[in-house]
Amino acid sequence: MYIKYDEYDMLELFNSEPISIGSVDEGELIYSYRDNQDFSVTLFMNVYAQLAELTLSYKENIVFNSNIRDVRAIEKVDGALIIDSSDEKRIKLKFYPQVGVELLND
């Protein structure tokens, strides 16, 4: 299994290419984004192990951090990023009007 995601959607939301850790074949990627209000977000993904770590910071101070296991998919929905895991946890990463995180319940 692996995390399903669209590379073009990720590029559009983060406004940059990911950083690959090790070889590209290992599937470990870091996406990062910083807005003009000193908020930043870092998303680490291990595509094949289905792991993700999401960190939201304000002025270099961590505001939110979550390690997510069994990630099934990461998708763009209405200008936000939705992280969906098999244990029914869903996290919404908002980019506008400022970076923020929302925990979703179905």
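Provided above is the structure to which this section pertains.
Residues numbered from 1 in each chain as written. Predicted model: local features only at pLDDT ≥ 70, side-chain atom pairs only at ≥ 80, totals over all residues. Heavy atoms only, no water.

S.K.: Talk me through the side chain of serine 66; I want residue IDs and the actual numbers.
M.R.: Note that serine 66 resides in strand β6 (residues 61-68). Here serine 66 falls in the buried class, since its relative accessible area comes to 16%. Filtering out sequence-adjacent residues up to four positions away, serine 66 remains in contact with Ala52, Glu53, Leu54 and Ile91. (Helix = DSSP H or I, 4+ residues; strand = E, 2+ residues; numbered from the N terminus. Buried < 20%, exposed > 50% of the residue type's maximum accessible area, 1.4 Å probe, protein only. Contact = heavy atoms within 4.5 Å.)

S.K.: Before we move on, could you go through unusual backbone geometry and cite the residues and values that matter?
M.R.: Outside of glycine, negative phi angles account for most residues, and trans bonds account for most peptide bonds. The omega angle of the peptide bond from tyrosine 96 to proline 97 is 5 degrees, so this bond is cis rather than trans. Within the secondary structure, proline 97 sits in the loop between β9 (90-94) and β10 (100-104). Not every positive phi belongs to a glycine, and asparagine 15 is a case in point at roughly 60 degrees. Of note, asparagine 15 is situated in the loop between α1 (7-14) and β2 (19-20). By relative accessible area, asparagine 15 is classed as exposed at 53%. In this structure, glutamate 60 is a non-glycine residue whose phi angle is positive, near 70 degrees. Relative to the assigned elements, glutamate 60 resides in the loop between β5 (51-58) and β6. Glutamate 60 sits in the exposed class, given a relative accessible area of 61%.

Everything listed here is a matter of coordinates, which is why it stays silent on function.
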